[in-house]
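# Structural overview
Residues per chain, in single letters:
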Amino acid sequence: MQKNLVRVESPAKAKTIERFLGKDYKVMSSYGHICDLKEKEFSINTDTFEPEYEIPEKKAKVVNDLKAEAKKAEMVWLASDEDREGEAISWHLYTVLGLKPENTKRIVFHEITKNAILKAIETPRDIDTNLVYAQQARRVLDRIVGFKLSPVLWRKVKPALSAGRVQSVTVRLIVEREREINKFSSESSYRVTAQFVPADAADGNSIISTELSTRFKTAAEAETFLKSCYGASFTVDDVNTKPLKKSPAPPFTTSTLQQEASRKLGLSVMQTMRIAQGLYESGYITYMRTDSVNLSSLCLNSCKKVITESMGEKYLKTRKYSTNSKGAQEAHEAIRPTYMENSTIEGTQAEKRLYELIWKRTIASQMADAQVEKTTANIAISGHNESFVATGEVTIFDGFLHVYRESTDDETLAETKSLPAMHVGEELVAQDITATERFTQHPPRYTEASLVRKLEELGIGRPSTYAPTISTIQQRGYVERGDKPGTERKYSRMTLVGNNVALFEEKEKVGAEKSKLMPTDIGIVVNDFLLANFPEIMDYNFTATVEKDFDAIADGEKVWTEPIGTFYKGFEPLINKILQPKSEHKVGERILGEEPSTGKPVSVKIGRFGPIVQIGSSSDEEKPRFAQMKPGQTLESITLEEALELFSLPRILGDFEEKSVTIGAGRFGPYIKHNDSYVSLPKGNDPLTITFDEAVELILAKRKAEAERIIKKFDEDSELQILNGRFGPYISYKGSNYKLPKSVVPAELTLEQSLEIVSQQQNRETAPAKGRRKYTRKK
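Since we're looking at a predicted model, the values are computed, not measured.

## A look at the pairing of strand β1 (residues 4-8)
Here β1 lies mainly inside the structure; 5 of its 5 residues are buried. By the alternation rule, side chains of β1 split into N4, V6 and V8 and L5 and R7, which are all buried. Here 4 bridges tie β1 to strand β5 (residues 75-78), and the two strands are oriented parallel to one another. Opposite R7, over in β5, you have L78 as the bridge partner. Note that β1 and strand β2 (residues 25-29) share 5 bridges and pair parallel.

## Here's the deal with the sheet that holds strand β6 (residues 104-106)
Read across the open sheet, the 4 strands follow the order β2-β1-β5-β6; overall the sheet is parallel. What marks the edges here is a single partner per strand, and that holds for β2 and β6. On average, each strand axis in the sheet is tilted by 25° relative to the strand beside it, whichever way the strands run. Helix-sheet contacts for helix α2 (residues 60-72) involve β1, β2 and β5, and the interaxial angle to β2 is about 165°.

## Quick look at the packing of helix α6 (residues 165-183) against helix α15 (residues 540-554)
At a minimum axis separation of 10 Å, α6 and α15 run at an interaxial angle of 145°. Seen along the crossing, α6 lies across α15 with a hand that is left-handed. Taken together, the residues of α15 that come into contact with α6 (itself represented by R165, V166, V169, R172, L173 and E176) are Y540, T543, V546, E547 and F550. Tallied by class, the residues present in the contact of α6 with α15 amount to 6 nonpolar, 1 polar and 4 charged.

## A few points about helix α10 (residues 297-310)
For α10, which comprises 14 residues, the first-to-last C-alpha distance of 20 Å matches the rise-based estimate of 20 Å (1.5 Å per residue) to within 8%. Those residues of α10 lying buried are C299, L300, S302, C303, V306 and I307. Summarising the axial view, the buried residues of α10 lie within an arc of 165°, below the 170-degree limit, and thus occupy one face. Those residues of α10 that are exposed and aimed more than 90 degrees away from the buried face are S297, L298, N301, K305 and E309. Those residues of α10 hidden inside the fold are in contact with α11 (349-365). Residue G312 follows α10 closely and has a positive phi angle near 105°.

So, how was this worked out
Residues numbered from 1 in each chain as written. Predicted model: local features only at pLDDT ≥ 70, side-chain atom pairs only at ≥ 80, totals over all residues. Heavy atoms only, no water. Buried < 20%, exposed > 50% of the residue type's maximum accessible area, 1.4 Å probe, protein only. Helix = DSSP H or I, 4+ residues; strand = E, 2+ residues; numbered from the N terminus. Pairing = 2+ DSSP bridges. Axes fitted to C-alpha atoms, helices over the stretch in contact; angles between N-to-C directions. Contact = heavy atoms within 4.5 Å. Left-handed = near helix turned anticlockwise from the far one by under 90°. Nonpolar A, V, L, I, M, F, W, Y, C, P; charged D, E, K, R; others polar. Expected span 1.5 Å × (residues − 1). Arc of directions from axis to C-beta.

Set out below in structure tokens:
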């Protein structure tokens, strides 16, 4: 009989823990949750809000294996993560496996090390049902919102859409930022810079770079100022030097790790969490979903040893950080290495880089401040109230900067250099005075990192939700991450040359952005519809308040059904009200004008397959005409002229093999038509500019691909073919596909053998399937 069974969520975690425990312990994985709400049913009793869980078919074997092993064990140790999801996993296991209190213990740890595991076994606790209820409240509320809202979107906007409580307000942030950018009107001003040298060092070896304390609104004002500088004297009016200190950032929480990994390593939030999960399960770092900046005394002592031995006592400053955010648990730790003496690890390149980032951030948090000396000098201009300002900075002691420098979302600021020695009253000689036209910049689009920071700032979501939320809104097609190429802009530059001002016209590329989050047309339409009809759900304060409710449930301060009941009472009637009226126009539709030749209305809207332009209306005798919008065109920005241009199709390019080659547009996109055969136009090819030669090349390429696709045909039965597919050869028969056994040679199959394979697979498909097992959590 097995003495002890330890149950964890993942095989990797099980493998690591098994190394630390003796032969009396068997470690098994549940592969995450073993039960959940039904995938295609509401699964919630709206009178009590009790959920009805099921054990998915794919988890049946896992559950059976765990049950069998649990019966053999004297003690079952539930060792899932110490967060709400982990607590729920343990509770479901306890219930589904039919475990008994006297034979079950719950253990938690923040790092997978031998000492931590053994200490957890020495100090077990009960399952925290408050955490379970908090997780269940989130799951139930999100199911109510998603399950009830999605059908509304299907009827009012477009089939197959979905909505979510947190995802929808996240999309709202991105849509509102895009509209801020579109409405933004840039204003120009003139920035004046000058370079001076001391009068006794006019050889140019001690250049002092400065900027005028004010900016000019017009070119005329800037030119007048430059001319007035001819013959003026420049004197050091004031020199102010003061010491400053720079302190290190706290160790990583989930959100700050996601932000910094995005800035420094170029990782998406989902990539960061996946790599961090692997590091945690391999025993390299502490638990990666946390909002605490606390470090254990063991870690503090380890950092102290590493810093003093490798850098010396002067670099050491022990710091104890505390978390300001409500709901953070100081019993948890920040994300840190489990062994601070290991500055590197074995693993993939991505794992090594992320681990090094975590190690540096942790070590730096326990290091001394950087000591800096900042100098500011004012340079007076005779006959002017304005003055030039020079700033310089010298690092006296690098402190934590010896190891780590935190990044920001705006890395455009140049590093401040030191200034040469100056004294009040010193005469300076101007070597160059230039006025450059500069422009105000629109608010930056969100990166994944800056979006995480904004969500945290507004109290939307928690550490475990940031990555899946940002990933989901991209998968649903509401938001896309992409680049903006930027545009060329002219600007003027004026330089004082003698007693004249030389004017130069320059060009620069502006607005280029990389890996920024931008709303799609469907994202904008869905956002506007939800905001107009469900303002409470789209309200940032509502979402943040719900998170506080979940925190109160986790702390045992609220009954979990209370906030759900309050919300549902007003939500269900609103759903029914919105579904009743039928709109004459489609949600998101915009009228652009009329077609000049017919007078029919030209509009843009979301069609079944994406944004489209429509000429005419459904009430006309003649059917409306449709055209798909080109990449880069949006519902909000497309003009009437651009829309009409899309209807210049079909285009006849010429004759090939005595048949015409035509470019057209259909419901699935642009295509080439030749001899009653169609070729889809690949992305990147403009149907309005593609040439005859390019079209013929695509026609021939499709022919070649189709010829290579057919392995064998049978004259006796034209419906059966053996084809090459993406995942290997297969049989195509009467509209269905059948996988070929690895033991057969596709080209040698006879018709009888092929039909036998089809018959065998059809019989397997019609055999009775094992039913899913239902499970309702007991109160």
